[in-house]
Amino acid sequence: MLKDITLGQYFPGTTSIHRMDPRMKLILTTAYIVVLFVAKGILSYMLLLAWLLTTVRLSRIKISVIFRGVRPLLFIISLTALLNMLYTPGRPALEFWILTITYEGIFVAIKMVSRIIMLITGTLLLTYTTSPIVLTDGLEQLLNPLKKLRVPVHELAMMMSIALRFIPTLIEEADKIINAQKARGADFETGSIFKRAKALIPLLVPLFISAFRRADELAIAMECRCYRGGEGRTSLRQLKYSSIDLKAMLFSVIVFTAVIVLRVLGI
Amino acid sequence: MSAIIKTENLHHVYGAGTPFERMALNNVNIEIERGEFIGLIGHTGSGKSTLIQHLNGLLKPSHGRVLFNGVDIWENIKRVREIRFKVGLVFQYPEHQLFEDTVYKDIAFGPSNMGFTKSEIDERVREAAEFVGITDEQLSKSPFELSGGQKRRAAIAGVIAMRPEVLILDEPTAGLDPAGREEILSRIRGYHEKLNTTVILVTHSMEEIAKNASRIIVMEDAKVRMTGTAKDIFSHADELESMGLAVPQITQVFLRLRNMGLDVDPSVYTIDQAEREIMEVRRKYDA
Ligand SMILES: Nc1ncnc2c1ncn2[C@@H]1O[C@H](COP(=O)(O)OP(=O)(O)O)[C@@H](O)[C@H]1O
Ligand SMILES: [Mg+2]
């Protein structure tokens, strides 16, 4: 079902993670991703995993929900693992035909898979606990200095928030159209790849038409409310850092510094 | 006589295991006889659309069974697609699903999925178009050149062309002007009378249902609250009102009259009945 795609979906809540300032969440998530690539030894991974699990725990997002977010990428993850196992030189662990799996390969594969899953989980957590609007608000504020370099920060943020806002709407719409065509005997699931591609026409045509209609309506609605870009625009919600952000920052700085130190020490 | 459609302890839960979990059907047991014209009514969110999507196998029950001609439609997974041809479902705003470059081809989509020959398809398309009042000239147009009401009727024809044994329509008059509404309803009525097809009409307008349905099913909060003829149902006007369903205006007038102490029957729902009732009352008071 299309509904299972949870990427970019927000689960409302009132936990301390939900209440954090979006700027702090963005900064910490970015730092987490960087540090994830810096990390090398098992101990570093354990530290980052602990950081991640603490955050998941605090956000009260169910593990099953996170798993559903990771699932669409399982194929890519398995492929990465397989290629790493096969193409890493070292002591052979398993040999058949012309393929050799090495101990080093297995180790690298495990590392890569954990890294990818931890990466996805970290970013999913950000979108699960932050509403798209708040998220873009935060992003816009963080990127504000770039306005001096004539980067259209506001326009980019607005485009992003509209895109995020309409993902669930379009998914819902697609679900409805699929059902309506199925009710007329459309078959999206069986047949050759060509037949299946052709079967998508009854879905895609109405979906595009409705996307254009929505875009049109939205543009008119925005103009009716005198939208004219970011210049001189103030925000209804003023972002403010609170003590939660301070605690989160301290906790993260300690963990992340530890990982970097371990890397420098070569452990 | 055995029911053409029957549900047994039907339950449906959306988003099981997520924070959005919601019970949309709670122990629904309905029975529909061949040739009936059923009105399914309920407030927005009461579960009407969810229920009808079970009747043609688009949704799978979380618990309970759906029987078509006495056979569980999920008994053989491979046959579920056939059920969709026998139980034709017209979704809400069906004009949003039009996709072909001519109205003719769009109406032909269903029958061609059923695997008919060109001439059989042609016969079905023309018959369906006639039922909904789409002219030959309109058949060769693009669906997007039609007016709102015409588009909607073309989309309904797309389901009728499959010659389903049961025709279900989800709020077919939503968003149309009164003339467009009456046009659609009279077309559906005509179709029902001519072929004696079983029809289930979903709406939240009591007036629409009172005029058309031979039996009414009232839903509230994922459950079936009442079933019966229009007369039965409207005699529970207070209960209906507490469910947020307005009884027809003429019924409201008669309820007021009765509350004022006049001895009238409050389950009146057409102007004709009202006239007869008033004459009756006058005669009583004159005597
Ligand atoms: N695809 C869906 N996913 C999750 N919840 C849904 C879905 N469709 C309907 N619901 C919920 O189920 C309940 C019943 O909806 P529905 O059957 O559409 O009612 P009605 O047609 O009477 O307005 C509503 O609360 C609605 O929000
Ligand atoms: Mg509905």
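Counting restarts for each chain: residues are numbered from 1 in the order of the written sequence. Here the convention is simple: chains get letters from A, ligands get numbers from 1, in the order in which they are written. Given that the model is predicted, a residue must reach a pLDDT of at least 70 before its local features are reported, and side-chain atom pairs must reach 80 or more before they are shown or counted; all residues, however, enter totals for whole chains, interfaces and linings. As a convention, hydrogens and water are excluded, and side-chain values are obtained from all of the structure's heavy atoms.

Things to note about the packing of helix α4 (residues 118-132) of chain B against helix α7 (residues 178-195) of chain B
All names here are of chain B.
Point 1. Axis definition: a line fitted to C-alpha atoms, over the contacting stretch in the case of helices. Angles run 0 to 180 degrees between N-to-C directions. Each helix corresponds to a stretch of at least 4 residues labelled H or I by DSSP, and each strand to a stretch of at least 2 residues labelled E; elements are numbered beginning at the N terminus. With their axes 8 Å apart at the nearest point, α4 and α7 run at an angle of 125° to one another. With respect to α7, the element α4 is oriented oblique. Across from E130, F131 and V132 in α4, the residues of α7 making contact are R187, Y191, K194 and L195.
Point 2. For the contact of α4 with α7, the per-class residue count stands at four nonpolar, no polar and three charged. Oblique is the label for any angle not under 35 degrees, not over 145, and not in the 65 to 115 range, which are roughly parallel, roughly antiparallel and roughly perpendicular in turn. Any two residues having at least one pair of non-hydrogen atoms within 4.5 Å are treated as being in contact. Each residue is assigned to one class: nonpolar for Ala, Val, Leu, Ile, Met, Phe, Trp, Tyr, Cys and Pro, charged for Asp, Glu, Lys and Arg, and polar for all the others, Gly among them.

A word on the pattern of salt bridges
Point 1. One speaks of a salt bridge when a side-chain nitrogen belonging to Lys or Arg is within 4 Å of a carboxyl oxygen belonging to Asp or Glu. Tallying each qualifying case throughout the model produces 22 salt bridges over all chains.
Point 2. A salt bridge links E173 of chain A to R214 of chain A; the shortest N-O distance between them is 2.6 Å. In this pair, E173 of chain A is assigned in helix α8 (residues 153-182) and R214 of chain A in helix α10 (residues 201-224), connecting sequence segments 41 residues apart.
Point 3. Burial classification: accessible surface area is computed with a 1.4 Å probe over protein chains only, and a residue below 20% of its type maximum counts as buried, one above 50% as exposed, and the rest as partly exposed. Looking at R214 of chain A, the relative accessible area reads 26%, which means it is partly exposed.
Point 4. D101 of chain B is the partner of K105 of chain B in a salt bridge, and the nearest nitrogen-oxygen pair spans 3.0 Å.
Point 5. Relative accessible area serves as the criterion here: at 39%, K105 of chain B is assigned to the partly exposed category.
Point 6. A single salt-bridge network, built from bridges that share partners, covers K6, E8 and R65 of chain B.

Some remarks on the side chain of T80 of chain A
Residues and elements named next belong to chain A.
Point 1. Tracing the backbone through its elements, the reader meets T80 in helix α5 (residues 74-87).
Point 2. Polar contacts involving the side chain of T80 include one to the main-chain carbonyl oxygen of I76, which spans 2.6 Å.
Point 3. Setting aside residues no more than four positions away along its own chain, T80 makes contact with M112 and I116. Two N or O atoms count as a polar contact when they lie within 3.5 Å, although within protein this holds only if one can serve as hydrogen donor and the other as acceptor, and sequence-adjacent residues are included solely when both atoms are side-chain atoms.

What to know about α7 of chain B
Residue and element names in this part refer to chain B.
Point 1. For a helix, the expected span equals 1.5 Å multiplied by the number of residues minus one. For α7, which comprises 18 residues, the first-to-last C-alpha distance of 26 Å matches the rise-based estimate of 26 Å (1.5 Å per residue) to within 8%.
Point 2. For α7, every residue scored as buried is listed here: G180, I184, L185, I188, Y191 and H192. With its buried residues spanning 130° around the axis, α7 presents them on a single face. Exposed residues on α7 whose side chains face more than 90 degrees from its buried face are P178, A179, E193 and K194.
Point 3. Where α7 is buried, its residues meet β4 (37-42), α4, α6 (148-160), β8 (166-170), β9 (198-203) and α8 (206-212).
Point 4. A positive backbone phi angle near 55° is found at N196, which sits one or two residues after α7. Taking the helix axis as origin, the arc is that swept by the directions to the C-beta atoms.

A look at the nonpolar core
Nonpolar side chains in soluble globular proteins tend to end up buried together.
All names here are of chain B.
Point 1. Working definition of a nonpolar core: buried Ala, Val, Leu, Ile, Met, Phe, Trp, Tyr and Cys residues. They are joined through side-chain atoms within 4.5 Å. Counting 49 residues, the largest nonpolar core has V218, F234 and L240 as the members making the most contacts within it.
Point 2. Top contributing element to this core by residue count: α4, with six residues.
Point 3. Setting aside residues no more than four positions away along its own chain, L240 makes contact with M206, V218, M226, I233, F234, L245 and V247.
Point 4. Listed in part, the 28 residues of the second largest apolar core include I4, I5, L51 and I73.

Digging into the pairing of strand β1 (residues 92-96) of chain A
All names here are of chain A.
Point 1. Being paired, for any two strands, means DSSP has found at least two bridges between them. Judged from the four bridges that link them, β1 and strand β2 (residues 99-102) form a sheet pairing that is antiparallel. Bridged to F96 within β2 is L99.
Point 2. Linking β1 to β2, which pair antiparallel, is a turn of two residues; within it W97 sits at a positive phi near 55°.

Describing the environment of L257 of chain B
All names here are of chain B.
Point 1. Structurally, L257 is set in helix α11 (residues 249-259).
Point 2. Note on L257: relative accessible area 23%, which makes it partly exposed.
Point 3. Through-space distance from the C-alpha of L257 to that of R187 is 35 Å; in sequence the pair is 70 residues apart.
Point 4. Each residue touching L257, except ones within four places of it in the same chain, is listed here: L262 and V264.

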